[in-house]
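# Fold and geometry: a report
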Amino acid sequence: MVTPYKNQESKKEQVATMFNNIAGKYDFLNHFFSLGIDILWRKKAVKLLKPLNAKTFLDVATGTGDFAIECMSLKPDKVVGIDISQGMIDVGTKKLKEKGLDKTISLQLGDSENLPFEDNTFDAETVAFGVRNFENLEVGLAEMLRVLKPGGKTVVIEFSKPKTFPVKQLYYFHFKFIMPFFGRLISKDKSAYTYLPESVMAFPERTNFTDILTKVGYKDTGYKALTGGIACIYWGSK
Ligand SMILES: C[S@@+](CC[C@H](N)C(=O)[O-])C[C@H]1O[C@@H](n2cnc3c(N)ncnc32)[C@H](O)[C@@H]1O
């Protein structure tokens, strides 16, 4: 199992520590490394939920709440974001207050693998760059399915591996050299931006991931590659 610090703690503990360490710099580094493309990916993913007319949303591994905020374009009654890192939630909660969104969106501490909600609670669910960090992927996805209402839909954004020139070459250069160097310099965490590419390389992508969604019980699963295959949007329904 790929973990950030390669010590005796569980992956979950290490991931929470890592995001607590980088929380203050997370938003900046995210947009810096992706040149803002991550924002477009979230917009695209949220559009897939539009036909549902969903009113209640769960954003899993919400971090500083960017995907939860993007869901506001669908005029929800309520969006709940859940994350195992209190540091990320604190940064996100401050951001929501500044944007005046804290009445509709609330962020809370919680684990995707043991969600503190009743069965069939949410109309729609989102998770961006989170599933790769789960300690047990299938348990996390099954929990998300459990709290989704019948007829509801989940969208997932996750990094994948581009296959074609020149995106593939640029991507590997960026992941291997640029990201670890600037990530370490700016976040001051030695491991976070080495763990990111390592965890992407080890993670199931494309049909390997949709197969897992189907295995866990999602219906009508599918995926779409984004920006030359740097990332994919996946979806599944209940
Ligand atoms: C790369 S950040 C993504 C944040 C946000 N979704 C975004 O799009 O920017 C990944 C987040 O997943 C959270 N996370 C990892 N494992 C988790 C779990 N089992 N349950 C809930 N959150 C988890 C981390 O704490 C971190 O905040």
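Residues numbered from 1 in each chain as written. Predicted model: local features only at pLDDT ≥ 70, side-chain atom pairs only at ≥ 80, totals over all residues. Heavy atoms only, no water.

### So, helix α7 (residues 192–202)
Filter applied, for reference: For the exposure calls, accessible area comes from a 1.4 Å probe over protein chains only, and a residue counts as buried if that area is under 20% of its type's maximum, exposed if over 50%, partly exposed in between. Secondary structure is summarised from DSSP: a helix means a run of H or I of at least four residues, a strand means a run of E of at least two, and numbering begins at the N terminus for each. Throughout, a contact is declared for two residues whenever any of their heavy atoms are within 4.5 Å.
All of the buried residues in α7 are A192, Y193, Y195, L196, P197, S199 and V200. Lining the buried residues of α7 we find α1 (11–34), β5 (148–159) and α6 (167–187).

### Things to note about the sheet that holds strand β3 (residues 105–109)
The cut-off we apply is this: Should DSSP find at least two bridges between two strands, the strands are regarded as paired. Note on geometry: axes are C-alpha line fits, over the in-contact stretch for helices, and angles between N-to-C directions span 0 to 180 degrees.
Pairing is mixed in the open sheet, where 7 strands are placed in the order β3-β2-β1-β4-β5-β7-β6. Two strands bound the open sheet, and with one partner strand each, they are β3 and β6 (219–226). Sheet twist, expressed as the mean angle between neighbouring strand axes with direction ignored, is 15°. Bridge analysis of strand β2 (residues 78–83) against β3 gives 5 bridges, and the strand direction is parallel. If you follow G81 over to β3, its bridge partner there is L107.

### Quick notes on the pairing of strand β7 (residues 231–237)
With 6 of 7 residues buried, β7 lies mostly within the body of the structure. Bridge count between β5 and β7: 7 bridges; the pairing is antiparallel. In the strand pairing of β7, T154 is matched with G236. Examined bridge by bridge, β6 and β7 share 6 bridges and lie antiparallel to one another. Counterpart to K219 in the pairing with β7 is S237. Linking β6 to β7, which pair antiparallel, is a turn of 4 residues; within it T227 sits at a positive phi near 45°.

### Thoughts on the pairing of β5
Rule in force here: Crossovers are marked right-handed if the path from the first strand over the helix to the second runs clockwise, as seen with the strands pointing away from the viewer.
Counting buried positions along β5 gives 9 out of 12 residues, so the element sits mostly inside the fold. With 6 bridges connecting them, strand β4 (residues 122–128) and β5 associate as parallel partners. Paired with A128 across the bridge in β5 is I157. Taken together, β4, helix α5 (residues 137–147) and β5 form a β-α-β motif whose crossover is right-handed.

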